[in-house]
Structure formats: structure tokens, C-alpha cells
Amino acid sequence: VAASPGFGFYAGVPLRNANGLALGTLCVMDRRARSLTGEQEATLRDLAALAADVLQLRRDARDAAEFLTGEPAVAD
């Protein structure tokens, strides 16, 4: 991050599904150099877990709609 133009801070946590597969990353970036407290890091991990759960729920709902209608659901 220090070599990246304009960014002095990056903290990221992987978004994982129930099987542990990485879906993406929830990250926080800033132009100023800083560090995270333990509490802030725990909050970032909690937010990542919530985001992964929401993604899974949306996928489950889409799959159910496709099953019931027999047609592919349109992503929103």
C-alpha cells in the first residue's frame, strides 16, 4: 500500500462462504497511514461475516426462484 499512489492504509478481510471458499474481500482504505485497534479489527471481521451471509442468502433466494419458475433469475 505504501507504494500505491494516494493510499497509506489498507485493511482487508476475506468474505468466505459456508464451505470456506473465498468470495471476495471487504476492505477499508485511507490516504493517511494508520493502524487498527483489536476492537476495530474484530468489527471488520464481523462485518465481513455479515456481508458473506447476505451474499449467501441472496444466492439461495435466486436459486429457489429459478427452481420454482424454471427460468433463470435476473441479478439485481
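A few points on the structure. These numbers were taken from a predicted model, which means no experiment stands behind them.

**Some words on helix 1 (residues 38–69)**
Here is step 1: Taking 1.5 Å per residue as the helical rise, helix 1 with its 32 residues ought to reach 46 Å, and the 47 Å between its terminal C-alpha atoms agrees with that figure.
Here is step 2: Among all positions in helix 1, only Leu44, Ala48 and Ala52 are buried.
Here is step 3: Lining the buried residues of helix 1 we find strand 1 (9–16) and strand 2 (22–30).
Here is step 4: Once helix 1 finishes, glycine 70 follows within two positions and takes phi at roughly 75°, a positive value.

**Considerations on the environment of serine 35**
Here is step 1: Note that serine 35 resides in the loop between strand 2 and helix 1.
Here is step 2: Take serine 35: its relative accessible area is 60%, and that puts it in the exposed class.
Here is step 3: When the C-alpha atoms of serine 35 and tyrosine 10 are compared, they prove to be 8.9 Å apart, with 25 residues separating the residues in sequence.
Here is step 4: If we skip the residues at most four places from it in the chain, serine 35 touches Phe9 and Gln40.

The rules behind each value
- Residues numbered from 1 in each chain as written.
- Predicted model: local features only at pLDDT ≥ 70, side-chain atom pairs only at ≥ 80, totals over all residues.
- Heavy atoms only, no water.
- Helix = DSSP H or I, 4+ residues; strand = E, 2+ residues; numbered from the N terminus.
- Expected span 1.5 Å × (residues − 1).
- Buried < 20%, exposed > 50% of the residue type's maximum accessible area, 1.4 Å probe, protein only.
- Contact = heavy atoms within 4.5 Å.

Bear in mind that shape data such as this cannot, by itself, settle questions of function.
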